[in-house]
Amino acid sequence: MIEQRIIRTERLLLRPFAFKDVNDVLAYASDPEWSRFLPVPSPYTLKDAEEFVAKCVLGDPDDELGFAIELDGVVIGGIGLRLEAPIAVGSLHYSISRTHWNKGLMTEAAAAVVNCGFEELGLEKIYSWADVENVGSWRVMEKLGMTREGTLRSQGVNRGVRQDYHYYGILRCEWECGRR
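Here goes a summary of the coordinates provided. A quick note: this is a predicted structure, and the numbers were derived from the prediction, not measured.

### Examining the pattern of salt bridges
Working step 1: This model, assessed by the stated rule, comprises 13 salt bridges.
Working step 2: The shortest N-O distance in the salt bridge between aspartate 21 and arginine 15 comes to 2.7 Å. The two residues aspartate 21 and arginine 15 agree in class, both being buried.
Working step 3: Arginine 15 serves as the salt-bridge partner of glutamate 70, at 2.6 Å between the closest nitrogen and oxygen. Of the two residues, glutamate 70 sits in strand E3 (residues 64-71) while arginine 15 sits in strand E2 (residues 13-15), which places them 55 residues apart along the sequence. Assigned by exposure class, glutamate 70 and arginine 15 land together as buried.
Working step 4: Put simply, Arg15, Asp21 and Glu70 are held in one network by salt bridges that share partners.

As structure tokens, this is what we get:
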């Protein structure tokens, strides 16, 4: 069983979600611009926030290592690794409050989680994806040293609109070389 962890970065605390986080989640997730590229309900309601937090709190840590992203005592986003344990692969997913975009916070949190995936979980590859129009998200992946592995056309649907996704990945050996 994977043990839940707390990770401290220069500016952030990454910790498991708690039921007390519902109002913070609602505050950032009810922003329509935040959810533009995410397959989440819009408008985002208190019930949606409660269900999301409950899923995070009650979820199986062997399937996903998830964190609330906390800045100055307020949850401003979430990040996690969905684990494909039999093949030592994890998929990275993340979101952060629009008021905290373009401050390097998401890259800071993602780098810490990627490091945890390789160092502590022994993963061999971590991958992620983003809508081709979500430049901010795929720039985070590039800053992590991930390589764009391809673009999958019409791979997803968000609010009834088909989406193309850029897929990125980083191998353990690439991550190790980048740490030198």
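### Quick notes on helix H1 (residues 22-29)
Working step 1: Every buried residue of H1 is listed here: Val22, Val25, Tyr28 and Ala29. Taken down its axis, H1 places every buried residue within 140° of arc, on the same side. The exposed set on the far side of H1, more than 90 degrees from its buried face, consists of Asn23 and Ala27.
Working step 2: Against helix H2 (46-58), strand E4 (74-84) and strand E5 (89-96) lie the buried residues of H1.

Each value, and the rule that gives it
Residues numbered from 1 in each chain as written. Predicted model: local features only at pLDDT ≥ 70, side-chain atom pairs only at ≥ 80, totals over all residues. Heavy atoms only, no water. Salt bridge = Lys/Arg side-chain N within 4 Å of Asp/Glu carboxyl O. Buried < 20%, exposed > 50% of the residue type's maximum accessible area, 1.4 Å probe, protein only. Helix = DSSP H or I, 4+ residues; strand = E, 2+ residues; numbered from the N terminus. Arc of directions from axis to C-beta. Contact = heavy atoms within 4.5 Å.

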